Amino acid sequence: MIKIQVPATSANLGSGFDSLGIALKLYNSVLMEECDGADITTSDGSIVPTDEKNLIYTSAKFLFELCGRQFHGLKLVQGNNIPMTRGLGSSSACIVAGLVGANALLKNPLSKDDLVNLAARLEGHPDNSTPAILGGLVTAVFDGNRVYSVKVPISGRLKFAAFIPDFELKTEVARAALPEQIAHKDAVYNLSRAALMTASLFSGRLDNLRVAAGDRLHQPYRLKFIKGAQDIFELAYKYGAYASFISGAGPTLMAMVNVTDIGFTDRVKEELSASFPNWRMSMLDCDEEGATVLDAE
Ligand code: HSE
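Description of the structure in this document. (Residues numbered from 1 in each chain as written. Predicted model: local features only at pLDDT ≥ 70, side-chain atom pairs only at ≥ 80, totals over all residues. Heavy atoms only, no water.)

Some points on helix α9 (residues 229-238)
To be explicit about the condition: Each residue gets one of three labels from its accessible area relative to the maximum for its type: buried under 20%, exposed over 50%, partly exposed in between, using a 1.4 Å probe on protein chains only. Starting at the N terminus, helices and strands are each numbered in turn, a helix being any DSSP run of H or I of at least four residues and a strand any DSSP run of E of at least two. By the convention used here, residues are in contact when the closest approach between their heavy atoms is within 4.5 Å.
When we look at burial in α9, the residues that qualify are Ala 229, Ile 232, Phe 233, Leu 235, Ala 236 and Tyr 237. Elements that come into contact with the buried residues of α9 comprise β7 (158-165), α7 (209-212), β8 (243-246), β9 (253-258), α10 (263-275) and β10 (279-284). Downstream of α9 by a residue or two, Gly 240 has a phi angle that is positive, lying close to 100°.

Right, dumping it as structure tokens:
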């Protein structure tokens, strides 16, 4: 039996819609071994599909068949720490766990680059799936066939405050709210800021991040689904965040904070519990490893 661990991810970083993402030190784990049929349980009482439609199962089966190997079934025991339907990459984590786990069971016929490409194909966009495999901050382009990406380690400079509400937002709903077309000036607005975001993160110009996170492609259309978001953004800035934005498709909001700002957590948590009781905050570091596989026996 093997144990796969996959990090949560936060996509977009405001301006980098469908192209930027970071891996975070919050993990789902999966115990996996071959068996006959689907034998799927959770170790934490969370509810997941326990039949052959389970996303980890279908992703693993896909890889077996792609490699021309007989697939009989899998025993899976899922440990789900990444909140589901909250914009923290829980579906990507399932796809990645299935692919990475199946590849390990087959003694690694596919390379990490192959897994990155397959995960983007199954997921549809590379900004969650690529950092889930590679770790770090990732800038990624998926041309429909393969992913062109750069991973940069950023731990040690920033920590990430995830503001998680007590309600869900389905990615399909958040994507359906986006317009078919946008004005040329709005494209330029995002293009310039996404470029500034990557260059500033890579070089440590953290004072640029607030402007760099500005977005006109997705956030203005999604905020209506996230009651209280503006108040949370203001709260994060009031206590010194460099930047704040919707995490992926939402509803979680993310703030980037200086790793040395030890007062941020206590002050924000106090105000959240007094004024915004349906939100909680988790302070997370960037994960630099990506998905890992261990022998569980
Ligand atoms: N970039 C995607 C979006 C992430 O914002 O819709 C969702 O997984």
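Comments concerning the pairing of β8
Rules: Pairing between strands requires that DSSP locate at least two bridges from one strand to the other.
Direction of pairing for β8 relative to β9: antiparallel, over a ladder of four bridges. Of the residues in β9, the one forming a bridge with Phe 245 is Met 254. The antiparallel pairing of β8 with β9 creates a hairpin that spans six residues between the two strands, and Gly 248 there sits at a positive phi of about 55°.

Topic: unusual backbone geometry
A cis amide bond, omega 5°, links Gly 250 with the succeeding residue Pro 251. Considering the arrangement of structural elements, one finds Pro 251 in the loop between β8 and β9. For Asp 18, which is not glycine, the phi dihedral falls at a positive 60°. Assignment of secondary structure puts Asp 18 in the loop between β1 (2-11) and β2 (20-34).

Remarks on the pattern of salt bridges
This is how it is decided: When a carboxyl oxygen of Asp or Glu lies within 4 Å of a side-chain nitrogen of Lys or Arg, that pair is called a salt bridge.
Evaluated as defined, the whole model comprises eight salt bridges. For Glu 65, the salt bridge is made with Lys 61, and the minimal N-O distance between the two is 3.9 Å. Linking Glu 65 with Lys 61, this pair stays in helix α1 (residues 55-66), spanning four residues, or about one helical turn.

A word on the nonpolar core
Keep this limit in mind: Only buried Ala, Val, Leu, Ile, Met, Phe, Trp, Tyr and Cys residues count toward a nonpolar core, and they belong to the same one when joined by side-chain atoms within 4.5 Å. Domains are outlined according to an automatic or database domain assignment.
Residues Leu 13, Met 32, Phe 160, Met 197 and Met 256 are the most contacted members of the largest nonpolar core, which totals 67 residues. With 10 residues, helix α2 (residues 90-105) is the largest single contributor of residues to this core. Of the domains in this structure, domain 1 (2-152 + 287-295) and domain 2 (158-284) are the two that each give at least three residues to this core. If sequence neighbours within four positions are ignored, Leu 13 has contacts with Leu 20, Gly 21, Ile 22, Leu 137, Met 197, Leu 201, Ala 213, Phe 245 and Met 256.

Comments concerning the packing of α1 against helix α3 (residues 112-123)
Rules: As a rule, the C-alpha atoms of each element are fitted with a line to give its axis, helices using only the stretch in contact, and angles between N-to-C directions run from 0 to 180 degrees. Note on angle classes: values under 35 degrees are labelled roughly parallel, values over 145 roughly antiparallel, values of 65 to 115 roughly perpendicular, and the remainder oblique. Handedness of a crossing is defined here by the sense of rotation of the near helix relative to the far one, left-handed for an anticlockwise turn of less than a right angle and right-handed for a clockwise turn. Any residue that is not Ala, Val, Leu, Ile, Met, Phe, Trp, Tyr, Cys, Pro, Asp, Glu, Lys or Arg is counted as polar, Gly included; the first ten are nonpolar and the last four charged.
Running from N to C, α1 and α3 cross one another at 125°; their axes reach a closest spacing of 12 Å. Overall, the two elements α1 and α3 adopt an arrangement that is oblique. Crossing of α1 against α3: the hand is right-handed. Contacts between α1 and α3 involve Ser 59, Phe 62, Leu 63 and Leu 66 on the former and, on the latter, Leu 115, Leu 118, Arg 121 and Leu 122. Considering only residue class, the contact of α1 with α3 consists of six nonpolar, one polar and one charged.

As for the site of the ligand
Selection criterion: We define proximity as follows: a residue is near a molecule or strand when any one of its heavy atoms falls within 4 Å of that partner. A 3.5 Å cut-off defines polar contacts: any pair of N or O atoms within that distance qualifies, except that in protein one atom must be a possible hydrogen donor and the other a possible acceptor, and neighbouring residues in sequence count only when both atoms are side-chain atoms. Under the convention used here, a 1.4 Å probe and the Shrake-Rupley method define accessible areas, while residue burial counts only the protein chains that appear.
Surrounding the ligand, one finds Asn 12, Phe 17, Asp 18, Glu 123, His 125, Asp 127, Asn 128, Thr 171, Arg 175, Arg 222, Gly 248 and Ala 249. Here a nitrogen atom of the ligand and a side-chain polar atom of Asp 18 are 2.5 Å apart. Between the ligand and Asn 128, the relevant distance is 2.9 Å, taken from an oxygen atom to a side-chain nitrogen or oxygen of the residue. Protein contacts shield 95% of the accessible area of the ligand, which totals 260 Å² for the unbound molecule. Contributing elements (two or more residues each) for the shell around the ligand: α4 (126-134) and α5 (171-176). Tallied by class, residues from the shell around the ligand come to two nonpolar, five polar and five charged. Of the residues that make up the shell around the ligand, three or more belong to each of domain 1 (2-152 + 287-295) and domain 2 (158-284).

Some points on the packing of α2 against α3
For the pair α2 and α3, interaxial distance at closest approach is 10 Å and the crossing angle is 140°. Regarding the angle of α2 to α3, the classification is oblique. The two elements α2 and α3 meet at a crossing, and its hand is right-handed. Counted together, Ser 91, Ser 92, Ile 95, Val 96, Leu 99, Val 100 and Asn 103 of α2 and Leu 115, Leu 118, Ala 119, Leu 122 and Glu 123 of α3 form the full contact between these two elements. Here the residues of the contact of α2 with α3 are counted per class, giving eight nonpolar, three polar and one charged.

Section: the side chain of Asn 54
Topologically, Asn 54 is positioned in the loop between β3 (37-42) and α1. Reaching out from Asn 54, the side chain makes a polar contact with the backbone nitrogen of Ile 56 at a distance of 2.9 Å. The contact partners of Asn 54, leaving out residues within four places of it in the chain, are Ile 40, Val 48, Pro 49, Leu 76 and Gln 78.

Considerations on the sheet that holds β8
Spatial strand order, β8-β9-β7-β10: four strands in an open sheet with antiparallel pairing. Each of the sheet's edge strands pairs with one partner strand only, and the pair in question is β8 and β10. Each adjacent strand pair in this sheet contributes to an overall mean axis angle of 20°, direction not counted. Relative to β9, β7 is paired through six bridges, and the arrangement is antiparallel. Bridging across to β9, Phe 163 finds its partner in Leu 253. Across the face of the sheet, α9 comes into contact with β7, β8, β9 and β10 while running at roughly 160° to β8.

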